[in-house]
Amino acid sequence: MRAVVIGCGVSGLSSGIRLLEAGIPTDIWTREPAAKTTSNVAAAFWYPYKVFPKDLILGWAGTTYNELSRLACVSGSGVAVRETVEVFSEPAPDPWWREVVPSFRRLTRAELPDDYPDGHFFYSPVAEMPIYLPYLQQRFESLGGRITLRSVGSIDEAAAHHSIVVNCTGLGARELVGDEEMTPIRGHVVRVSQVGLERMFLDLYSADGLTHIVPRSTDCVLGGVAESSDDLEPDETTGAEIVARCIKREPRLAEATVLEHQVGLRPGRPRVRVEVDTGTTAVSDAVLVHNYGHGGAGVALSWGCAARVVELVRAAVGR
């Protein structure tokens, strides 16, 4: 019995690691190396954003929060836990994910910026993807996993060589399994030099535009947008608007140097798909498990969904 994971983003690598740790020999087949996946562009802070349904994903988000917090203590992982302030332009209820974040508390009036009436504080793990993805790949390979660069035209192509197939193709599921519910959610971020920032700032629901400031070890990621589009070209006007919104909230960013504009496509879907599929592959004795459609929460759900993949595989093969 051998598994193959299709896709080498954060979901594919996390699933591959958990399968290997469960004693299942596992390969990864991927059209692009990890450094060229959408995951590498992500600001990658823990926050279940644009992902549904909430009742299904709460446990997966909590599992991932705990694992990323643990990895922040592992040298070379690229994960850090940062103080985070999220603000709102009108009074807001506690977030639906509050129960899985022990550090959550409401901000006092004195702690809020003058033009925001509401907000809260919590600690959020942040994965620095240019470090985190190589860490995951090294961990996968050290467990005996094999990564092969190759395009996959059909599930049957993978099932012909493996008894277990795990589909972690994100937006690629539109072509690979004909999932018409998949929609691209365009994200645009601006990477700037680090100017001594430590605390993360989030204003994700303002009419003025999505704003996040994500400090990392040597740079900061500023965002962003969430548009229904598959355009991968950075837009200078959009980038300038992002930077201006962030400087308004953190004046020290006026001294930062713009290093890079990056665009990625979040894999949007009305419902995350983590399930066994018995109807797609014609290779009747192969087990097919889907793990895609994570919207803007690929990192925030990665370890929880990977654990669920292992549960589904074990149940399907009777282990």
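The structure contained in this document is the topic of the report that follows. (Residues numbered from 1 in each chain as written. Predicted model: local features only at pLDDT ≥ 70, side-chain atom pairs only at ≥ 80, totals over all residues. Heavy atoms only, no water.)

**Observations concerning the side chain of Asp 203**
Checked against the element boundaries, Asp 203 lands in strand E9 (residues 200-203). For Asp 203, the side chain forms a polar contact with the side chain of Tyr 116, separated by 2.6 Å. Not counting residues within four places of it along the chain, the set of residues in contact with Asp 203 comprises Val 87, Tyr 116, Gly 209, Leu 210 and Thr 211. (Helix = DSSP H or I, 4+ residues; strand = E, 2+ residues; numbered from the N terminus. Polar contact = N/O pair within 3.5 Å; in protein donor to acceptor, adjacent residues only side chain to side chain. Contact = heavy atoms within 4.5 Å.)

**Here we look at helix H3 (residues 129-142)**
The terminal C-alpha atoms of H3 lie 19 Å apart, and with 14 residues this matches the ideal 20 Å at 1.5 Å per residue to within 8%. Trailing H3 by a residue or two, Gly 144 shows a phi angle of about 105°, which is positive. (Expected span 1.5 Å × (residues − 1).)

**Considering the packing of helix H2 (residues 54-71) against helix H7 (residues 298-317)**
Helix packing for two helices is described by the angle between their axes and how far apart those axes are. Remark: H2 packs on H7, axes separated minimally by 6 Å, with the N-to-C direction vectors making an angle of 105°. Between H2 and H7, the interaxial angle falls into the category roughly perpendicular. Residues Ile 57, Trp 60, Ala 61, Thr 63, Thr 64, Glu 67, Leu 68 and Leu 71 of H2 pack against Val 299, Ala 300, Leu 301, Ser 302, Trp 303, Gly 304, Cys 305 and Arg 308 of H7. Of the residues assigned to the contact of H2 with H7, the class counts are 10 nonpolar, four polar and two charged. (Axes fitted to C-alpha atoms, helices over the stretch in contact; angles between N-to-C directions. Parallel < 35°, antiparallel > 145°, perpendicular 65-115°, else oblique. Nonpolar A, V, L, I, M, F, W, Y, C, P; charged D, E, K, R; others polar.)

**With respect to the environment of Asp 179**
As for its position among the elements, Asp 179 is in the loop between helix H5 (173-176) and strand E8 (183-193). Along the backbone, Asp 179 and Arg 269 are 90 residues apart, and their C-alpha atoms lie at a distance of 9.5 Å. The contacts of Asp 179, once residues within four sequence positions are left out, are Ala 173, Arg 174, Arg 269, Arg 273 and Tyr 292. Among the polar contacts listed, one links the side chain of Asp 179 to the side chain of Arg 269, at a separation of 2.8 Å.

**Focus: the pattern of salt bridges**
Going through the model one piece at a time under the given rule, you end up with 24 salt bridges. A salt bridge links Arg 18 to Glu 21; the shortest N-O distance between them is 2.7 Å. In this pair, Arg 18 and Glu 21 both sit in helix H1 (residues 10-21), three residues apart, roughly one turn of the helix. When its relative accessible area of 41% is taken as the criterion, Glu 21 is described as partly exposed. Note that Glu 157 is salt-bridged to Arg 150, the shortest N-O span being 2.7 Å. On the accessibility criterion, Glu 157 (25% relative accessible area) is partly exposed. Residue Arg 150 is classed as partly exposed on the basis of its relative accessible area of 30%. Here the salt bridges do not stand alone but share partners, grouping Arg 18, Glu 21, Glu 67, Arg 70 and Arg 139 into one network. (Salt bridge = Lys/Arg side-chain N within 4 Å of Asp/Glu carboxyl O. Buried < 20%, exposed > 50% of the residue type's maximum accessible area, 1.4 Å probe, protein only.)

**Digging into the environment of Leu 197**
Relative to the assigned elements, Leu 197 resides in the loop between E8 and E9. Remark: the alpha-carbon pair of Leu 197 and Ile 213, spanning 16 residues in sequence, is separated by 9.2 Å. With near-sequence residues (within four places) excluded, Leu 197 lies in contact with Arg 82, Ile 213, Pro 215, Cys 220, Glu 250, Arg 252 and Leu 253.

Take it as geometry only, folks, not as evidence of what the structure does.
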